[in-house]
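Fold and contact review
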Amino acid sequence: MALQIPDKMLAAQVVQFKKPYKIHEVPTGGKDLNEQVILAKIAVASLCHTDGMVSEGIMGTKLPGVASHEGAGTVVKVGIAIKEFKVRDRVLCSLTYHRCGEYADCQGPEQDRQYCANVGGYLGVTIDGSFAEYAVVDGRECCMLPDNLNFQSAAPLACAGITVWGCLSVALVGGGGGLRHLGVQFAKALGLKVIAIDARDEGLSLAKECGKENIVEEVKKTTDRKLANATLDVSDHESAAATSAATKMHGVLVQIAQPTNVSVPFEELIFRDTRIHGSLTSSRGECQEMLKVASKNKICVKTNPFNGIKEIPKDVELAHSGRMQGKPVIIIDNEAIQNEKKSGLEMV
């Protein structure tokens, strides 16, 4: 039986930069579905640091635009060229939309395929995102959810999860936020030793709950003066990258947070030969591997749930308060959530 799709849907849009979202009804997308896309009924969507950058006008977003690039939901319509998904499948919505598939990065190593110079857009950044009841997403980029991974845990993995998965290291700077607590667990699942550095009590507390062997201010003491092999900076403070001092000589600082400027003392670059490496999310293949690890190792995604799109302002307020642990999420499709609970599976 075909699923009924309404002509209009509730959504949270950026209609003016530096202003709150406008929550109202808009036309439901996917009426004339491109052959390579799917229409997903969003079950849960999550707020990301980049959403704030979109609202500030930093990301080149055309207005109006539906926010959020972290979403998970149920397939309700499938483009004719998509054979991997069918109606009622549970999916993680891809941030990437319409890679060209032709040039070096698209055809190169798996870990570089998200760097398409001719990409068609990014969900919730340059095209409409997941803060809506429905979203049009690229069927070639989405991933099937493992049966035991619930929507609430899955949604933050669409960006926070795949971003930290793509550049795991031995030390995390900013140990207890949205990306941080996921990185801690993924690293441990891969057998890595993790050290947390965070200026917030909330961050350190969450990091410890997720399995940190050590919560330290001085990594040198913790590592018996050996220092960390690499440092992953997920803090948006400009000076956070200075903690590259925790990395051994000739070590690597992986920068994935997006402050306006990244500040590293010259001594670290010149006298210690610290290498700085940027990293952008992950490819579809890496995302699929991440989901397997999350399912098998029961990765715990700490969420702060709000019920319904109209609650998004509270979600944003908590995210900006500095008191939050983990990720703020919006429950959009309560029926889908209840169906998960009735499944009889032990959900992650």
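The rules behind the values
- Residues numbered from 1 in each chain as written.
- Predicted model: local features only at pLDDT ≥ 70, side-chain atom pairs only at ≥ 80, totals over all residues.
- Heavy atoms only, no water.
- Helix = DSSP H or I, 4+ residues; strand = E, 2+ residues; numbered from the N terminus.
- Buried < 20%, exposed > 50% of the residue type's maximum accessible area, 1.4 Å probe, protein only.
- Contact = heavy atoms within 4.5 Å.
- Arc of directions from axis to C-beta.
- Polar contact = N/O pair within 3.5 Å; in protein donor to acceptor, adjacent residues only side chain to side chain.

**Let's talk about the environment of Val26**
Along the chain, the position of Val26 falls in strand S2 (residues 22–27). Overall, the relative accessible area of 9% leaves Val26 in the buried class. C-alpha of Val26 to C-alpha of Asp7: the two residues are 19 residues apart in sequence and 8.6 Å apart in space. Setting aside residues no more than four positions away along its own chain, Val26 makes contact with Asp7, Lys8, Met9, Ala11 and Gln13.

**Considerations on helix H11 (residues 334–341)**
Listing the buried residues of H11 in full gives Ala336, Ile337 and Glu340. One side of H11 holds all its buried residues, which, seen down the axis, span an arc of 100 degrees. Summarising the geometry of H11, the exposed residues directed more than 90 degrees from the buried face are Glu335 and Lys341. If you follow the buried residues of H11, they end up packed against strand S3 (37–46), strand S6 (90–92), helix H3 (151–154) and strand S18 (327–331). The residue sitting at the N-terminus of H11 and contributing the capping side-chain oxygen is Asp333; that oxygen lies 3.3 Å from the backbone nitrogen of Glu335.

Read these as spatial facts, not as claims about activity.
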